[in-house]
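# Coordinate analysis (summary)
Spelled out from the first residue to the last, the chains are:
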Amino acid sequence: MQQGQRLKEATEGQIVQAGNKIGGPFKIGKPVYQEKRLKLFTEIYQRQKAELEAKEKTPITITLKDGKKLEGKKWVTTPLMIAVGISKKLAENMVAAKVVYDSLFEKNFVDVDHEDQQQQASSLNLKPDYLIWDLSRPLEGDCQLELLSFDDNNGKEVFWHSSSHILGSALEEVYGCHLCIGPAIDGGFFYDCYIGDYKVTQNDYVKIEKAAQDLVASKQEFQRVVLTKDECLELFGTNPFKRQLITNKIPEGAMTTAYRCGNLIDLCTGPHLPNTSYVKAFQVTKNSAAYWLGKNTNDDLQRVYGVSFPSKRLLDEYVKIQKELALRDHRNVGKKQNLYLFHQLSPGSAFFYPSGAHIYNTLMNFLRRQYYIRGYQEVISPNIFNAQLWKISGHYDKYKENLFFINMGEEGEYGLKPMNCPGHCLMFDMIQHSYRDLPVRFADFGVLHRNEVHGALSGLTRVRRFQQDDAHIFCRMDQIQEEIKSCLEFLSYIYSLFGFEFKLYLSTRPEKFLGTKEVWDNAEYQLEQGLKKFGKHYEVNPGDGAFYGPKIDVKLYDAYKREHQCGTIQLDFNLPERFNLQYRASEDVQEVQKDKEQVHNEQVQVAQEIIDVVRKASHHSDTDNISTPPQHPQQQPAEIPVAEKVTQEQNVKQQKKQKQQKEPQQQQQQQQKQKLPEEIIESGSSQGLSQHELHKVLHEKKYELGYHHLKAGFARPVIVHRAILGSLERMIAVLTEQCGGKWPFWLSPKQLVLCPVSAYYKDVAEKIAARLRLEGYTVSTDESDQTLAKKVRNAQIQYYNFVGVIGEEEVRAGVIDVRDCEKNTRIGKLTIPQLCKFFESLKPPKSNVEVEIHEHDDSHLKLNDELQEKMFLEGDGYSVGKRDFDEFAKIKDIDPALQNLIRWHKYMTHLTKKDEAPEKVQQVEQKQE
């Protein structure tokens with residue numbers, strides 16, 4: 001949702017502030033500031049209403065979605081008028097409009113909650129820009145118009161954004177608080193407010209809902225005005241949080257907009273509902289603590305969440321689903337089934353117990369098998385790196401707050417890795433690759449750490465320690481298409497196992513991007529072709545790609561239609577450039593020699609730059625350390641006046657201070673000096689250095705000086721970042737709630753429990769359990785003294801997949817009486833081999849890749865068997881000739897390698913027969929004698 005993006009960007013600490021705490025003392029009471037604020041707003045609204053009425057009302061043409069054209073008047077006709085003209089019932093169900101103006105409508109208003117970025121046109125951005133428009137706002141020109149209901153995603157966003165204003169008004173009425181930010185989000189909305197030290201509790205929900213319902217019943221209009229920066233500051237003069245937003249986000253001379261809803265006035269670009277009566281059902285759902293701008297050093301805020309609907313029926317359905325989801329909440333299920341728990345001494349890090357660890361490892365092992373089949377190579381990379389790695393990759397500047405750093409003394413600053421890609425770049429760089437080696441697919445389940453804010457931690461969905469099914473594919477530009485198709489097929493197969501639906505979005509070139517337009521156009525084309533080959537519908541997100549490359553966003557939907565962001569497929573031109581990754585694109589001998597000479601010359605040039613920098617730093621360091629020469633004994637200092645003496649003392653202090661400030665810099669320069677051999681520094685030239693000395697000079701500065709020249713005969717790879725499950729922790733949370741704790745058999749930590757009917761059969765049950773464990777199944781025994789019926793019931797409560805009963809009859813027949821716990825049905829009496837075969841049938845279906853491999857193998861083995869019985873008709877008995885092809889046409893379908901194997905087999909048969917012939921003649925002769 002756009003409002004979700006608005007929230008994200010508005011709370012990432014973009015605001016410059018003089019001090020951390022700006023809220024100040026606060027006392028709950030009536031919002032005394034409302035009267036003055038309403039008076040100012042009314043004056044502005046009436047003035048702008050008069051200006052609107054004075055505008056020239058020229059005819060305009062409005063084209064509806066079905067192509068029908070209607071006449072209207074500029075600055076008069078509203079989308080609501082169009083809806084009423086079609087059907088009054090239709091108008092009641094509409095909440096907003098989508099408008100595409102024939103002449104580009106320029107939005108000149110600053111969105112205080114969101115920094116808009118103009119999107120540079122992409123080769124795939126073929127759709128015209130549209131605006132979501134208030135139903136009650138007059139149209140401003142010829143346009144295409146589409147009316148939106150609550151069922152439309154954009155309509156739902158408008159509905160919930162308007163409801164957040166209703167919530168904000170209620171919070172002001174109840175607490176007299178300072179409102180901060182209140183966006184629409186997936187599943188509802190919230191509002192952050194400052195109430196001093198007061199903490200909102202569930203006991204407050206009733207009075208908040210009462211204030212909101214009073215506003216809804218009063219049918220208050222949403223009134224829009226355009227404001228200057230000075231008018232904004234005057235309107236919100238008593239709210240320090242709004243004033244900070246206005247001061248930092250609205251440039252001088254720029255304009256923004258605000259909306260009124262009852263007594264509430266808030267900065268907002270809209271759009272909104274015509275009035276509050278459209279909200280037929282409103283409920284406060286939860287509350288939490290928050291920080292201003294998302295920083296824990298800023299003011300503590302109270303965040304109140306809510307949801308609303310255009311009918312009471314929809315709210316009742318929502319409440320019913322929420323109750324079911326509460327029972328399925330992964331934190332509750334995890335605790336109930338002893339899967340995973342958390343402890344305050346390690347916040348954001350899950351403790352996985354044996355059953356949880358089984359699910360975790362089963363997911364990883366299943367993916368490992370798929371990796372082997374699909375040509376991935378699993379690697380293991382370090383967990384801790386020098387901070388220089390993150391500076392090279394660019395993460396140090398952008399994500400420093402999310403990294404865990406360790407001070408290693410003289411070795412400098414180190415950090416725990418939050419992602420695998422920079423380490424994989426080092427691994428690719430350390431070995432020279434040819435174009436024939438590509439694609440190189442690195443897969444890594446390494447442990448990652450991200451320093452998430454404590455207040456943002458939430459079960460397994462937001463953690464600090466996690467692992468993910470991370471893979472990075474280093475490929476050529478011409479391989480992108482096939483790799484993308486392969487990744488999408490892999491993703492589709494995995495999601496299908498769990499019953500997930502998903503949607504694909506192609507996010508194209510943003511305003512600020514790395515590389516050239518031509519490279520991006522080609523990459524977007526390759527992604528588009530990969531998506532088309534895959535065959536699933538996708539949408540284009542113009543300008544929403546990452547700065548380093550276009551990407552495919554994958555939105556996953558569970559059984560309750562909740563959206564999750566787990567998988568991702570991204571193209572990256574940035575890291576190959578930063579790490580100077582290259583592969584040999586030519587193997588011509590003369591080209592290789594030319595490369596070596598060119599590279600050597602470039603290295604000499606870069607080495608010279610390094611030596612010059614070090615010599616200059618060394619020279620300055622030595623000059624700074626020169627002490628004042630001692631005075632000649634005969635030179636006696638003259639008497640200094642008191643005023644000059646004071647001035648000199650101040651100068652000495654200033655010099656000492658400057659010297660102290662320079663000391664760390666001098667130490668750093670001295671360390672740089674020590675990195676290079678003294679004789680090289682003294683010579684001052686890189687000419688004539690041996691290859692070993694040259695490498696010694698270049699080693700420390702390989703990446704720092706941006707030595708990124710692409711050697712002749714070499715090309716730069718593209719990186720495909722690929723994750724399917726994403727964070728294993730997050731995916732396990734999603735799966736827990738999807739399954740409700742009833743795990744599919746192949747993933748279940750409780751596949752079978754054996755229940756002996758009496759203590760006499762305990763040993764038999766243990767032996768059978770051990771045998772089944774040997775086959776890789778999770779089996780336990782219930783050796784309690786409870787009745788058989790109670791044991792079976794316990795197995796169902798504990799979410800076992802199957803229960804096996806063992807009594808006298810079963811022991812005599814050598815079988816197990818198996819029952820399905822979930823369906824409460826009897827499977828039958830099975831021997832151990834039969835049970836293993838039955839369990840084998842419950843494993844995940846084979847992927848298309850596996851099916852194709854098996855079909856290929858089966859067809860070749862069948863042909864091989866037929867050929868073994870076929871006598872060759874030509875040659876010496878082991879070569880395949882024309883008559884053989886005519887006689888047995890299927891031989892053409894055999895791989896050449898397999899043909900050779902068959903020829904060898906026939907040849908050995910021929911030699912054997914040849915050797916046997918003389919022996920038979922000799923035996924005959926002996927008999928005759």
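Residues numbered from 1 in each chain as written. Predicted model: local features only at pLDDT ≥ 70, side-chain atom pairs only at ≥ 80, totals over all residues. Heavy atoms only, no water.

### Notes on the overall build of the chain
When helices and strands are tallied, the chain shows 29 helices and 35 strands. Out of the 929 residues belonging to the chain, those deemed buried represent 47%. A fraction of 75% describes how many contacts in the chain between residues 6 or more apart in sequence connect residues 24 or more apart. For the chain, the exposed area adds up to about 49500 Å²; of that, 50% sits on carbon and sulfur atoms. (Helix = DSSP H or I, 4+ residues; strand = E, 2+ residues; numbered from the N terminus. Buried < 20%, exposed > 50% of the residue type's maximum accessible area, 1.4 Å probe, protein only. Contact = heavy atoms within 4.5 Å. Areas by Shrake-Rupley, 256 points an atom, 1.4 Å probe, with all protein chains shown as cover.)

### Quick notes on the packing of aromatic side chains
For any two aromatic rings, the description comes down to two numbers: the centre-to-centre distance and the angle of the planes. Taken as a whole and judged by the stated rule, the model has 38 aromatic pairs. Between phenylalanine 150 and tryptophan 160, the aromatic rings sit 5.8 Å apart at their centres with planes inclined by 80°, giving edge-to-face as the arrangement. Note that phenylalanine 150 is positioned in the loop between β5 (143–149) and α5 (153–175) and tryptophan 160 in helix α5, a separation of 10 residues in sequence. On the accessibility criterion, phenylalanine 150 (7% relative accessible area) is buried. Owing to a relative accessible area of 6%, tryptophan 160 belongs among the buried residues under this scheme. Considering the side-chain rings of phenylalanine 802 and phenylalanine 838, the 5.5 Å spacing of their centres and the 75° angle between planes classify their relative orientation as edge-to-face. In this pair, phenylalanine 802 sits in strand β33 (residues 802–806) while phenylalanine 838 sits in helix α26 (residues 832–841), placing the two residues 36 residues apart along the sequence. Taken together, the ring pairs connect Phe366, Tyr493, Tyr495, Phe498, Phe500, Phe502 and Trp746 into an aromatic cluster. The ring centre of tryptophan 75 lies 4.7 Å from the NZ or CZ of lysine 55, which sits over that ring. (Phe/Tyr/Trp six-rings, centres within 6.5 Å; stacked < 30°, edge-to-face > 60°. Lys NZ or Arg CZ within 6 Å of the ring centre and 35° of its normal.)

### Let's talk about helix α15 (residues 480–497)
Taking 1.5 Å of rise per residue, 18 residues should cover 26 Å, and α15 covers 26 Å from first to last C-alpha, within 8% of that figure. The complete set of buried residues in α15 reads Ile480, Gln481, Glu483, Ile484, Cys487, Leu488, Phe490, Leu491, Tyr493, Ile494, Tyr495 and Leu497. Of the residues flanking the end of α15, it is glycine 499, one or two places downstream, whose phi is positive at about 75°. (Expected span 1.5 Å × (residues − 1).)

### Things to note about the nonpolar core
If you look at the biggest cluster of nonpolar residues, it comprises 59 residues, and the most contacted ones within it are Leu363, Ile484, Ile494, Tyr495, Phe498, Leu504 and Ile552. At 10 residues, the largest contribution of residues to this core is made by α15. Beyond its immediate sequence surroundings of up to four residues, phenylalanine 498 is in contact with Leu363, Leu735, Gln738, Trp746 and Leu747. Within the second largest apolar cluster, 43 residues are counted, among which are Ala211, Cys261, Ala281 and Val304. (Core = buried A, V, L, I, M, F, W, Y, C linked by side-chain atoms within 4.5 Å.)

### Describing the pairing of strand β10 (residues 255–261)
A large share of β10 lies buried, amounting to 5 of its 7 residues. Examined bridge by bridge, strand β9 (residues 222–228) and β10 share 7 bridges and lie antiparallel to one another. Pairing of valine 226 across the sheet is with threonine 257, part of β10. Inspection of the sheet shows β10 paired to strand β11 (residues 264–267) by 4 bridges, in the antiparallel sense. By the bridge assignment, alanine 258 is partnered in β11 with leucine 267. (Pairing = 2+ DSSP bridges.)

### Some details on the sheet that holds strand β2 (residues 69–73)
Strand order in the open sheet formed by 5 strands is β2-β1-β5-β3-β4, with mixed pairing between adjacent strands. One side of each edge strand has no neighbouring strand; the edge strands of this open sheet are β2 and β4 (131–133). Averaged over neighbouring strand pairs, the angle between their axes works out to 35° when direction is ignored. As paired elements, strand β3 (residues 94–101) and β5 share 7 bridges and run antiparallel to each other. Looking at the pairing, alanine 96 lines up with leucine 148 of β5. Lying on the sheet, helix α3 (residues 79–86) is in contact with β1 (59–64), β2, β3, β4 and β5; it crosses β5 at an angle near 70°. (Axes fitted to C-alpha atoms, helices over the stretch in contact; angles between N-to-C directions.)

### Here we look at the sheet that holds strand β31 (residues 752–756)
Spatially, 5 strands are ordered β32-β31-β33-β34-β35 in an open sheet, and the strand pairing comes out mixed. Because the sheet does not close on itself, it has two edges, and the strands there are β32 (779–781) and β35 (825–830). Taking each pair of neighbouring strands and ignoring which way they run, the sheet shows an average axis angle of 25°. Across 5 bridges, the pairing between strand β34 (residues 816–820) and β35 is antiparallel. If you follow isoleucine 816 over to β35, its bridge partner there is leucine 830. Contacts between helix α23 (residues 762–774) and the sheet are confined to β31, β32, β33 and β34, with β32 contributing the most and set at about 170° to the helix.

### Brief notes about the pattern of salt bridges
Note on pairing: side chains with opposite charge can pair once their charged atoms come close. Enumeration according to the criterion identifies 36 salt bridges in this entry. The closest approach of N and O atoms between arginine 313 and glutamate 317, which form a salt bridge, is 2.8 Å. Taken together, the positions of arginine 313 and glutamate 317, both in helix α9 (residues 312–328) and 4 residues apart, correspond to about one turn of that helix. A relative accessible area of 52% places arginine 313 in the exposed class. Its relative accessible area of 39% is what places glutamate 317 among the partly exposed residues. The residue glutamate 482 makes a salt bridge to lysine 533 at a minimum N-O spacing of 2.8 Å. Of this pair, glutamate 482 sits in helix α15 while lysine 533 sits in helix α16 (residues 517–534); the two residues are 51 residues apart in sequence, bridging distant segments of the chain. Here the salt bridges do not stand alone but share partners, grouping Arg509, Lys517 and Asp521 into one network. (Salt bridge = Lys/Arg side-chain N within 4 Å of Asp/Glu carboxyl O.)

### Quick look at the environment of threonine 257
Position of threonine 257 among the secondary structure elements: in strand β10. Assessed through its relative accessible area of 1%, threonine 257 is described here as buried. Through-space distance from the C-alpha of threonine 257 to that of threonine 228 is 8.5 Å; in sequence the pair is 29 residues apart. Polar side-chain contacts of threonine 257 include one of 2.5 Å to the backbone oxygen of cysteine 268. (Polar contact = N/O pair within 3.5 Å; in protein donor to acceptor, adjacent residues only side chain to side chain.)

### Describing the side chain of glutamate 729
Looking at the secondary structure, you find glutamate 729 in helix α22 (residues 728–739). In this structure the side chain of glutamate 729 is engaged in a polar contact, spanning 3.4 Å, whose partner is the side chain of arginine 465. Looking at glutamate 729, its side chain comes within polar contact range of the main-chain nitrogen of glutamine 467, at 3.2 Å. The contacts of glutamate 729, once residues within four sequence positions are left out, are Phe352, Tyr360, Leu460, Val463, Arg465, Phe466 and Gln467.

### Considering the packing of α15 against α16
Contact geometry of α15 with α16 gives a least axis separation of 8 Å together with a crossing angle of 45°. Here α16 runs oblique to α15, going by the angle between their axes. Our pair here, α15 against α16, has a crossing hand that is right-handed. Residues Ile480, Gln481, Glu482, Ile484, Lys485, Leu488, Glu489 and Ser492 of α15 touch α16, and the partners they reach there are Gln526, Leu527, Gln529, Gly530, Leu531, Lys533 and Phe534. A class-by-class count of the residues in the contact of α15 with α16 yields 6 nonpolar, 5 polar and 4 charged. (Parallel < 35°, antiparallel > 145°, perpendicular 65-115°, else oblique. Left-handed = near helix turned anticlockwise from the far one by under 90°. Nonpolar A, V, L, I, M, F, W, Y, C, P; charged D, E, K, R; others polar.)

These values are about where atoms sit, not about what they do.
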